[in-house]
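Coordinate analysis (summary)
Listed below, chain by chain, are the residues.
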There are 2 protein chains.
Amino acid sequence: MTPRPASRSLSDAAATGVPPTAPATGAGARVTVRDVARAAGVSQPTASLVLGNHPTARVAPATRARVLAAAHALGYRPNVLARGLARGRSFALGVIVPDLRNPFFADVVSGAERVAGAAGYALLLCGAAERPAGEHLATLVSRQIDGVIIDAVNAAALDEDALAGLNVVLVDEPSEQWPGVASDALDAGRQATTHLLALGHTRLAFIGPAADVHAFRMRERGFVQRLREAGLSLPSPMLRRAPATVRGGDEAMRALLAERTRPTAVFCANDLVAIGALKRCAAAGVRVPAELSIVGCDDIEMARLVTPELTTVAVPARELGARAARLLVRQLGGEPPRARAALLPVKLVARGTSGPVS
Amino acid sequence: MTPRPASRSLSDAAATGVPPTAPATGAGARVTVRDVARAAGVSQPTASLVLGNHPTARVAPATRARVLAAAHALGYRPNVLARGLARGRSFALGVIVPDLRNPFFADVVSGAERVAGAAGYALLLCGAAERPAGEHLATLVSRQIDGVIIDAVNAAALDEDALAGLNVVLVDEPSEQWPGVASDALDAGRQATTHLLALGHTRLAFIGPAADVHAFRMRERGFVQRLREAGLSLPSPMLRRAPATVRGGDEAMRALLAERTRPTAVFCANDLVAIGALKRCAAAGVRVPAELSIVGCDDIEMARLVTPELTTVAVPARELGARAARLLVRQLGGEPPRARAALLPVKLVARGTSGPVS
DNA sequence: TTGTAAGCGTTATCAT
DNA sequence: ATGATAACGCTTACAA
């Protein structure tokens, strides 16, 4: 046992011939405020006052300077853990996404990381694929996390107690209870459908997950809604349930192609599904878009890389993550929770997988 | 100022009609060891002893049971910050990657997260694209991070002091100074080249970044090495420098196609580059693989989604991340740093972008 | 086996 | 303007 911090050998200052320029945080010997205070000849709390760079720091300019000089000379680095313990905040945010390997979530996380980092918050990453979100939440709470961003994890499933007393921001999952940021998923479905209708399609199909994720439901609803407005119906074989993955799209499209009357256009719940569907078409010798149009949703990088390039509805994933983090940061900064932000607009990007009905 | 934790309203237990099953961590009133101790009628350190689940916990079975019961009843959750402060460890790992939006790194991080999470460590995510790795390192240190995984960030550039006293594991960047895990990048280059040579190609080209990232250098070296062994040379126009992105590959391929004598096969430093190159060929009307073979490296999911499917060398990205985390966890657990692990094998996956020379 | 006391590095509330 | 003093929640000798 006795877990040693297993520190590194620090033997090569000599080897390089270059003496450490900075006073070299002698591996292990952390410089604390006390050290700084001692060096500056002031009391420890005074040093803390200066270094905590409070705006209200009423300290004599002279001493302040001495303290800062000492801190710099010693290479003082505040211990965020200690600060967190004392202030009851950890200056860290959590982010829970289903799976980082879905490029959409990678974007969301990436955006959140950027904003969080710039604001001095660390970002604790939680993948909900391996381990249930509830568990993640528990460990985040025990880490005194200041707030958490939850994306595409059915929030209703957690409400019970895990979220109690936590600052939560939901991504793409509007809720009475928690603030959040979301894209206009309903409009995404509508735009995609409008596009296909404009191309003359009348036999449309939809592929999407049964999962209870709000954005997917709304995309689907927008699709159905727009269809109805156009006086069209959606025969049940034209509504295929499939996991929101490439594989899911592939298999759903296979089923669709086996139908008696094939659709002439398909709207997919996200780009992964659309790409899977596209792939199946290629394998089955179905020409896209000549015989079948496909529209995805998200506009992940991959969308421009498949052949033909995927027509899709662009959703600002990174911006969603960034805004979620900003919301949290603002809230933690004491600013009152803003009026519910408007839905982020989405925009159809017509590319190569959609064309006029033949 | 006065940053309020901005706690949530907790007003709907009544609305649902369901009384909180757990004693409801009354939002704000954290349950501490003291509370547990008091409830169990023991001293605070005793409770701590039990709850710290030390293997060496010499406490009477009876009291242990009482403490555990009390802890359970009160819904006790240890405060990891406090524990970290006291033990001098944070039970958190950092991971620094250039950009999460590169699927390869998303995989690495994903693998690391899985292992770290399972071992009770949190993972702090740092993207080195926006903010230099050195800064990230500084904030990680101030968070008393227990270890850090660094991928594709030129480690030599940081050595000076930032890494002092830190547990570091390098991914794909062998070093005298730090332990690490790596794929067999040299062999990746060799396998790709062997494959192309076997197909009869003699005019080969390479596209890769000038960046000083070890894996890229080695892939290139393997390529050149194998070429030499085959008695072939690499005319300088056949060595194109480009950022390791889709765009980089696209532009490099454009330059390549403009050459007087075109290559018949191209090996790319990674899949993104290869996909960019492939895309350019499609745009330029160059048939792949009939006129030009392309081989990538990494085998990201995208590789199977482009048309034709990309021939590439599979690198176990997720496994790399997982092993890096495992290495760190082991080391922190007190186990001696293992003998340098062997390079992870890579494997060529022949798909549609490579074919016999015409 | 258990309780007492001290300390981790910071912040915050007081007197002075 | 500054310096004691007391938290924050937990761990860990050392005593009882």
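Residues numbered from 1 in each chain as written. Chains lettered and ligands numbered in written order. Predicted model: local features only at pLDDT ≥ 70, side-chain atom pairs only at ≥ 80, totals over all residues. Heavy atoms only, no water.

**Focus on the protein's contact with DNA strand D**
Not every one of the 23 residues close to DNA strand D is listed here, only the nearest: Ala60 of chain A together with Val33, Gln44, Ser48 and Tyr76 of chain B. Close to the protein, within 4 Å, the atoms of DNA strand D belong to sugar or phosphate groups at a rate of 69%. Contacts to DNA strand D include Thr46 of chain A, whose side-chain N or O atom sits 2.9 Å from a phosphate oxygen. Listed by contribution, the elements that provide at least two residues to the surface near DNA strand D are α3 (44-51) and α5 (80-87) of chain A together with α3 (44-51) and α5 (80-87) of chain B. Of all the elements, α5 of chain B adds the most residues to the surface near DNA strand D, at 4 residues. Class assignment of the residues belonging to the surface near DNA strand D gives a composition of 12 nonpolar, 8 polar and 3 charged. (Near = heavy atom within 4 Å. Polar contact = N/O pair within 3.5 Å; in protein donor to acceptor, adjacent residues only side chain to side chain. Helix = DSSP H or I, 4+ residues; strand = E, 2+ residues; numbered from the N terminus. Nonpolar A, V, L, I, M, F, W, Y, C, P; charged D, E, K, R; others polar.)

**A few points about the protein's contact with DNA strand C**
The environment of DNA strand C is made up of 24 residues, and the closest members are Val33, Ser48 and Tyr76 of chain A together with Ala60 and Thr63 of chain B. For DNA strand C, the backbone makes up 65% of the atoms found within 4 Å of the protein, where backbone means sugar plus phosphate. With respect to DNA strand C, the side chain of Ser48 of chain A contributes an N or O atom lying 2.7 Å from a phosphate oxygen. Here a phosphate oxygen of DNA strand C and a side-chain polar atom of Arg83 of chain A are 2.9 Å apart.

**Describing helix α6 (residues 103-118) of chain B**
All names here are of chain B. In this model, α6 (16 residues) spans 22 Å end to end at C-alpha, consistent with the 22 Å of a helix rising 1.5 Å per residue. Burial runs high along α6: 12 of the 16 residues are buried. The complete set of buried residues in α6 reads Phe104, Phe105, Ala106, Val108, Val109, Ser110, Gly111, Ala112, Glu113, Val115, Ala116 and Gly117. With its phi angle positive at about 85 degrees, Gly120 sits one or two positions after the end of α6. (Expected span 1.5 Å × (residues − 1). Buried < 20%, exposed > 50% of the residue type's maximum accessible area, 1.4 Å probe, protein only.)

**Details of unusual backbone geometry**
Across residues other than glycine, the phi torsion is negative in most instances, and most of the peptide bonds are trans. Following Thr307 of chain A, the chain continues into Pro308 of chain A via a peptide bond in cis, with omega recorded as -10 degrees. Within the secondary structure layout, Pro308 of chain A lies in the loop between β9 (293-298) and β10 (311-314). For the bond running from Val288 of chain B to Pro289 of chain B, omega is 10 degrees, close enough to zero to count as cis. Structurally, the position occupied by Pro289 of chain B is in the loop between α11 (271-284) and β9 (293-298).

**Considerations on the confidence of the model for chain A**
Predicted confidence across chain A gives a mean pLDDT of 88, with 89% of residues reaching 70 or more. Every residue in residues 1-27 of chain A scores below 50 in pLDDT, and together they form 22 contacts with partners more than four places removed in sequence or on other chains. (pLDDT = per-residue confidence, 0-100. Contact = heavy atoms within 4.5 Å.)

**Considering the pattern of salt bridges**
Using the criterion set out here, one finds 34 salt bridges over all chains in the structure. The shortest N-O distance in the salt bridge between Arg38 of chain A and Asp35 of chain A comes to 3.6 Å. Of the two residues, Arg38 of chain A and Asp35 of chain A both sit in helix α2 (residues 33-40), 3 residues apart, roughly one turn of that helix. On the basis of relative accessible area, Asp35 of chain A is assigned to the partly exposed category, the value being 25%. For Glu259 of chain B, the salt bridge goes to Arg240 of chain B, with nearest N and O atoms at 3.1 Å. Note that Glu259 of chain B is positioned in the loop between α10 (246-257) and β8 (265-268) and Arg240 of chain B in strand β7 (residues 239-241), a separation of 19 residues in sequence. The exposure class assigned to Glu259 of chain B is partly exposed, which follows from its relative accessible area of 25%. Judged by relative accessible area, which is 21%, Arg240 of chain B ranks as partly exposed. (Salt bridge = Lys/Arg side-chain N within 4 Å of Asp/Glu carboxyl O.)

**Section: the nonpolar core**
One finds Ile294 of chain A together with Ile294 of chain B to be the most contacted residues of the largest nonpolar core, which totals 160 residues. Leu140 and Ile145 of chain A together with Ala92 and Leu158 of chain B belong to the second largest nonpolar core, which has 38 residues in total. (Core = buried A, V, L, I, M, F, W, Y, C linked by side-chain atoms within 4.5 Å.)

**Re the side chain of Thr312 of chain A**
Residue and element names in this part refer to chain A. Structurally, Thr312 is set in strand β10. Residue class for Thr312 comes out buried when judged on its relative accessible area of 0%. With sequence-adjacent residues up to four places away left out, Thr312 is seen in contact with Asp271, Val295, Gly296, Cys297, Asp298, Asp299, Ala303, Lys347, Leu348, Val349 and Arg351.

**Considering the sheet that holds strand β11 (residues 347-349) of chain A**
Residue and element names in this part refer to chain A. Strand order across the open sheet formed by 6 strands is β7-β6-β8-β9-β10-β11, with mixed pairing between neighbours. Edge positions in the sheet fall to β7 (239-241) and β11, since each has one partner strand and no second. Neighbour-to-neighbour, the strand axes of the sheet open up by a mean angle of 20 degrees, direction not taken into account. Bridge count for β9 against β10 is 4 bridges, and the pairing is parallel. Its bridge partner being in β10, Val295 is matched across the sheet by Thr311. Each of β6 (204-208), β7, β8 (265-268) and β9 is contacted by helix α9 (residues 214-229), which is oriented at about 170 degrees to β6, the strand it contacts most. With respect to the sheet, helix α11 (residues 271-284) is in contact with β6, β8, β9 and β10, its orientation differing from that of β9 by roughly 155 degrees. (Pairing = 2+ DSSP bridges. Axes fitted to C-alpha atoms, helices over the stretch in contact; angles between N-to-C directions.)

**Remarks on the interface of chain A and chain B**
In this assembly, 71 residues from chain A lie in contact with 71 residues from chain B. With both sides pooled, the region where chain A packs onto chain B buries about 6100 Å², and carbon together with sulfur makes up 56% of that total. Counting every contact that joins chain A to chain B gives 4 salt bridges. The partner of Glu309 of chain A in a salt bridge is Lys279 of chain B, with the nearest N and O atoms 2.6 Å apart. If you look at where chain A meets chain B, you find 18 residue pairs in polar contact (both at pLDDT 80 or more). At the level of elements, α5, α6 (103-118), β2 (122-127), α7 (133-142), α11 and α12 (317-332) of chain A are the ones that each hand at least two residues to the side of chain A that touches chain B. Of the residues belonging to the side of chain A that touches chain B, the class tally is 33 nonpolar, 16 polar and 22 charged. (Buried area = accessible area lost by both parts, 1.4 Å probe.)

**Brief notes about the packing of helix α2 (residues 33-40) of chain B against α3 of chain B**
Residues and elements named next belong to chain B. Packing of α2 against α3 brings their axes to within 8 Å, and their N-to-C directions diverge by 105 degrees. By the angle class used here, α2 and α3 are roughly perpendicular. Along its contact with α2, which presents Val33, Arg34, Val36 and Ala37, the element α3 presents Gln44, Ala47, Ser48 and Leu51. Taken together, the residues that form the contact of α2 with α3 break down as 5 nonpolar, 2 polar and 1 charged. (Parallel < 35°, antiparallel > 145°, perpendicular 65-115°, else oblique.)

**Considerations on the packing of aromatic side chains**
Given two aromatic rings, one states the distance between the centres and the angle between the planes to describe the pair. By the definition in use, this model includes 10 aromatic pairs over all chains. Measuring from centroid to centroid gives 5.7 Å for Phe104 of chain B and Phe105 of chain B, while their planes differ by 80 degrees, and the two rings are edge-to-face. The residues Phe104 of chain B and Phe105 of chain B share a single accessibility class, namely buried. Taken together, Phe206, Phe223 and Phe267 of chain A form an aromatic cluster joined through their ring pairs. (Phe/Tyr/Trp six-rings, centres within 6.5 Å; stacked < 30°, edge-to-face > 60°.)

**Quick word on α11 of chain A**
Residues and elements named next belong to chain A. When the terminal C-alpha atoms of α11 are compared, their 19 Å separation across 14 residues agrees well with the 20 Å that a helix rising 1.5 Å per residue should span. When we look at burial in α11, the residues that qualify are Asp271, Leu272, Val273, Ala274, Ile275, Gly276, Ala277, Leu278 and Cys281. Against the buried residues of α11 lie α6, β6, α10 (246-257), β8, β9 and β10. Two to three positions downstream of the cap, the backbone nitrogen of Leu272 sits 3.2 Å from a side-chain oxygen, assigning the N-cap of α11 to Asn270. Looking one or two places after α11, you find Gly285, whose phi comes out positive at around 75 degrees.

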